[in-house]
Each structure stands twice: as structure tokens, then as C-alpha cells.
Amino acid sequence: MKAIVVIGAQWGDEGKGKVVDYLAGSFDYIARCAGGHNAGHTVIFNSHRFILQLIPCGVLRPDKQAVIGSGVVVDPAALVAELENLCKAGICLDGRLHLSNRAHLIFPYHRQMEKAAEAARGAAKIGTTSRGIGPAYEDKMARQGLRVCDLMDPAGFREKLERVVREKDAVCRAAYGTPLDVAGLIEQSLELGERIRGYVADTADLLNGALARGQSVLIEGAQGTMLDIDHGTYPYVTSSSATAGGACTGLGIAPTRITGTVGVTKAYTTRVGSGPFPTEMPDLEASQVRDRGREYGAVTGRPRRCGWLDLPLLRYAVMINGIGSLVVTKLDVFDTQREIQVCVGYCYKGSPVREMPPTAEQLAAVEPVYRTLPGWESSTYGIRDAASLPQAARNYLKFISDDLGCEIGMISTGPERDATIVPPGTKLASWL
Ligand code: GDP
Ligand code: IMO
Ligand code: MG
């Protein structure tokens, strides 16, 4: 029995999709615990590029069971579209995708409200993915959300949705001066409901049963630590628990069941959307890294902001998530770099900062303290064993690992499944 959580250690897009796809080979179940189709998890194998948004990456391996837990917010239209796309690629999920009956639903009016709210914020906008994620979690917490189990009962669903829509329409008119667009909503939702009915299950029961039988679960986090609603760079965050704790609440698995946490970081840092980013590079350097790393949002296509590796941020991520093993992705993106800057600390108003600043304003005002390390100026692309890495690359990884007091259990040297190094003798190797 083992349950391993894979979590983003930065602001998302660390390469969790690739890592989960690789690790999934050693697990029976792969489960998404949080977020929604704001996530875009890329997996490349056999020259085919998959971008998964709601469905766990493990489904790309034929014999794996996949779970979408109750902590995920599900847009039924997005789920059906993703199922259809996978089906076209020859990946059929019947009998092996299980959708929590307790997961909350996203409706088109959530997107409408989000767009209006973002527009109203003006320059202070969060830069969301416009998928309706925030408003759906708002409704969940306000105890006026509708869930998958509601959709499975058409008569009850109709009544509940009509009531909620009446309230939301009043709010929308008062706040944004526009009515809620709900034409055809009930019928469309019920139709989508029928298309997903076959996947609906009590997934907490399913996963706990699997663990009790000695089967293994790989938990696929979405977003990243600094986008977490409690621990991230609030208010420039997403609306869910993107840290390891979210794995338990989002799946109904007890903390005592979790065997370990794997944190994923790039060899540098990126962020999409607004908010503080202490190690952000100047435009020219950022555009070079963006080009080499193809740093454009998997979901929205937006250019990602790029910066140096931020060790204070990773120390915080190690602490908040209890990361036992770190995965460093995109090492190859630094192959042509002559020198590499690493942020080893922050200063605020001239004094060193010990704790992660709680406000976005304070974090935006910190001055990063950098160490300069030599680059390796040779190709690491596709390398599969640590001994073949150039010495300067090994030194860079050791510097990170020593600073964080955390092993590096995996190194990714390219987007493909097999461009991966798993050094033997690590904690991560023992979890596989
Ligand atoms: P996720 O949201 O954490 O799953 O990450 P994304 O899929 O949004 O973004 C990561 C991007 O980096 C994708 O385009 C991956 O194909 C790519 N990628 C992952 N690992 C590596 C790597 O080691 N090297 C390179 N060059 N690209 C990688
Ligand atoms: P994966 O799982 C990167 C960011 C958005 C925005 C903020 C809030 O692929 O790593 P939201 O739509 O969630 O309300 O937007 O969070 N964001 C992500 N950034 N990767 C993600 O997911 C993200 N999901 C949300 O850009 O800044
Ligand atoms: Mg992504």
C-alpha cells in the first residue's frame, strides 16, 4: 500500500504532467485532487503531445485506473470534450475513469461572473484562466454549489439550479449591471450529465478500498504551492488547495495514508498571470528562456513570465508540503547558459527576510540575493543517467539539494517520457 502526492513547488507548470506520466507506471490508481480545467498537464510520448486538464495523466497508460476527486471543480462540457479527444486518440476510459459524486460543478455562468469580476478589477486583475474556477469554488464555500450527485437526479437538479440561478442573477445585475446568461442551461447540463453518468462513483470509498487491498495511489496535484489559496501569493492565487494537504481533503484519504510527497520544480521559475515574482528576469533574458523552454501556457497560450530559481520559495514549498523528494525538470533549457543565477535569500528594506512575506506587496518589494554558478554549456537533452550529466550541471543540482536539505529524486532532461533520470538509492526510487 502506498499513496504518493506529486505537487507543484512553484507557480504551476513545473512539468507535473510529465512527472506523473513517468511515475504512473508504478501505481494502480492516479487521482486528481484539486483545481479544474485551469490545469494543463503536458505529456509527450511516441511523438504524440497530450494536454490533460481534468483527467489524470495516468490514463495514457492502458492498465491504469483514474480518479477525479471531490476537491476538483468539474465543468461537464470540458470533461466531455476531453473524453472525446482522448477517445479520438484511441484512449478509451470506460470502466477506468471514476468521477467523484461530490465534486462541484462549473457552469457557464461561473465563467461569465469571472470575466465580469476580472474586468471590474482593472489593473489589479488576477489574470485568471477564465475557466470559472474561482466563482465555482466561491459557490462551494458559500454552500450554494451544485455537485455531480445533484446532476445525477434530474428533477432535484432542475429545482436546485433554478433557485441558485435566481440568486446569482440578482447578484450579477446588482454588481455588474448585466443579467446572468442562462439560456438553455438546464437542458444542456442534464444532457452532459447523462454523458458522464457512467463514470460517477463514490471515489473516496473506491480509493480507500484500493489502499486497504494493498493497491497504490499516485496523487496528481494541480497548480502549485505559490498558487495555493492559503499558502500562496494571495490574492494572486487560484481558489483551491494546491498544496499537499489538498490531497487529503480533495480525495477523502487520511493524512496517515500518505506515504510521501514529491515536489516538482523547474531548473528556473515561471509564472502565468499577475502577482509578485521576486526573481523575474529582465525582458531580454526572459524571452531567451521562454523561447528555449517553450514557455507558453498549455491552456491559454499566454507567454509565461520567466525568472531564476528561487530557493527561499522552494524552502517554503518543502516546509508547507513536507516534500521528501524533489524533481527538477527542464534542466536542458539551461544548456546554453554561460552563467546561472540562483536566489539564495531575500532582503526587505535592507534586512534579510527569514519568513515568506504574507502580502503580495511585501513579496513584490523584496530584493533577491543571488549566487552565480557556472553553466555547463553543453547538451543535457535526453540524458538518462546522472553520471552522464556535465559536472557543472551536477554541481547546480547539488547546490539546490544541499540548500533545501532535500534529495533530488528525479531529473528531467526533455519533455518526452524517457528523457528522465531517476538516480538509484533515493527515497523516490524506494517509492516506485
Ligand atoms: P504542468 O502543468 O506542471 O504539467 O506543466 P505544463 O505541461 O503546463 O508545462 C511544462 C512544459 O514543459 C510542457 O510543455 C512539457 O512538455 C515541458 N517539459 C516538461 N519537462 C521538460 C524537460 O525536462 N525539458 C523540456 N525542454 N521540456 C519539458
Ligand atoms: P497547472 O496545473 C499555472 C494561475 C492563473 C492565474 C491564477 C488564478 O497546469 O500547473 P484561476 O483560473 O485558477 O482562477 O487563475 O492561477 N493558474 C495557473 N498557472 N499553471 C496552472 O495549472 C494554473 N492554474 C491556474 O494563471 O494567475
Ligand atoms: Mg500546466
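What you are looking at is a predicted structure, and each value in this text was computed from that prediction instead of being measured.

**A look at the coordination of the magnesium ion (ligand 3)**
Those donors, Asp 13 (OD) and Gly 40 (O), are the protein atoms that reach the magnesium ion (ligand 3), and they lie 2.0 to 2.2 Å from it. Separated by 27 residues along the polypeptide, Asp 13 in the loop between strand E1 (2-8) and helix H1 (16-23) and Gly 40 in the loop between strand E2 (29-32) and strand E3 (41-45) bring together distant segments of the chain. With relative accessibility at 11%, the residue Gly 40 sits in the buried group.

**Things to note about the pairing of strand E10 (residues 216-220)**
Most of E10 is tucked away, with five of its five residues classed as buried. Looking at chain direction, E2 and E10 are connected through four bridges and run parallel. Its bridge partner lying in E10, Arg 32 is registered against Glu 220.

**Examining the sheet that holds strand E11 (residues 260-266)**
The strands that make up a sheet pair up through hydrogen bonds in the backbone, lying either parallel or antiparallel. A sheet is described by the order of its strands in space; here ten strands give the open sequence E9-E7-E5-E2-E10-E1-E11-E15-E19-E20, paired in mixed fashion. Sheet topology places strand E9 (200-201) and strand E20 (420-421) at the edges, where each strand pairs with a single neighbour. Direction of pairing for E1 relative to E10: parallel, over a ladder of five bridges. Within E10, the residue paired with Ile 4 across the bridge is Leu 218.

**Comments concerning the site of ligand 1**
Neighbouring ligand 1 are 19 residues, the closest being Lys 16, Gly 17, Thr 42, Asp 332 and Ser 412. The separation between an oxygen atom of ligand 1 and a polar main-chain atom of Gly 15 is 2.8 Å. At the level of secondary structure, the elements contributing two or more residues to the shell around ligand 1 comprise H1 and E3. Looking at the shell around ligand 1 residue by residue, the class counts come to four nonpolar, eight polar and seven charged. Both domain 1 (2-102 + 199-261) and domain 3 (264-431) contribute no fewer than three residues apiece to the shell around ligand 1.

**Points about the domain arrangement of the chain**
Assigned domains of the chain: these are domain 1 (2-102 + 199-261), domain 2 (104-195) and domain 3 (264-431). On a C-alpha basis, the centroid separation for the pair domain 1 and domain 3 is 23 Å. Listed by partner, the interface residues are 43 residues for domain 1 and 43 residues for domain 3. The junction of domain 1 with domain 3 conceals about 3300 Å² of combined surface from both sides, 62% of it contributed by carbon and sulfur atoms. It is Gln 10, Trp 11 and Lys 18 in domain 1 that bury the most area against domain 3; as a group they hold 22% of the surface buried on that side. Linking domain 1 with domain 3 are two salt bridges. In this structure, Arg 304 and Asp 13 form a salt bridge, with 3.1 Å as the shortest nitrogen-oxygen distance. For the pair domain 1 and domain 3, the number of links is 24 residue pairs in polar contact (both at pLDDT 80 or more). Looking at the side of domain 1 that touches domain 3, the elements with two or more residues in it are E1, H1, E3 and E11. A per-element tally of the side of domain 1 that touches domain 3 places H1 first, with six residues.

**Quick look at unusual backbone geometry**
Each neighbour pair has its own omega, and for Tyr 234 with Pro 235 the value is 5 degrees, a cis peptide bond. Its place among the elements puts Pro 235 in the loop between E10 and helix H9 (245-251). Positive phi is not limited to glycine here, since Ser 130 has a value of about 55 degrees. Tracing the chain through its elements places Ser 130 in the loop between helix H3 (108-121) and helix H4 (133-141). Here Ser 130 falls in the partly exposed class, since its relative accessible area comes to 27%. Unusually for a residue other than glycine, Arg 294 sits at a positive phi of about 45 degrees. Checked against the element boundaries, Arg 294 lands in the loop between helix H10 (283-293) and strand E13 (305-307).

The rules behind each value
- Residues numbered from 1 in each chain as written.
- Chains lettered and ligands numbered in written order.
- Predicted model: local features only at pLDDT ≥ 70, side-chain atom pairs only at ≥ 80, totals over all residues.
- Heavy atoms only, no water.
- Donors = N, O, S within 2.8 Å, 3.2 Å for Na, K, Ca; no water.
- Helix = DSSP H or I, 4+ residues; strand = E, 2+ residues; numbered from the N terminus.
- Buried < 20%, exposed > 50% of the residue type's maximum accessible area, 1.4 Å probe, protein only.
- Pairing = 2+ DSSP bridges.
- Near = heavy atom within 4 Å.
- Polar contact = N/O pair within 3.5 Å; in protein donor to acceptor, adjacent residues only side chain to side chain.
- Nonpolar A, V, L, I, M, F, W, Y, C, P; charged D, E, K, R; others polar.
- Domains from an automatic or database assignment.
- Contact = heavy atoms within 4.5 Å.
- Buried area = accessible area lost by both parts, 1.4 Å probe.
- Salt bridge = Lys/Arg side-chain N within 4 Å of Asp/Glu carboxyl O.

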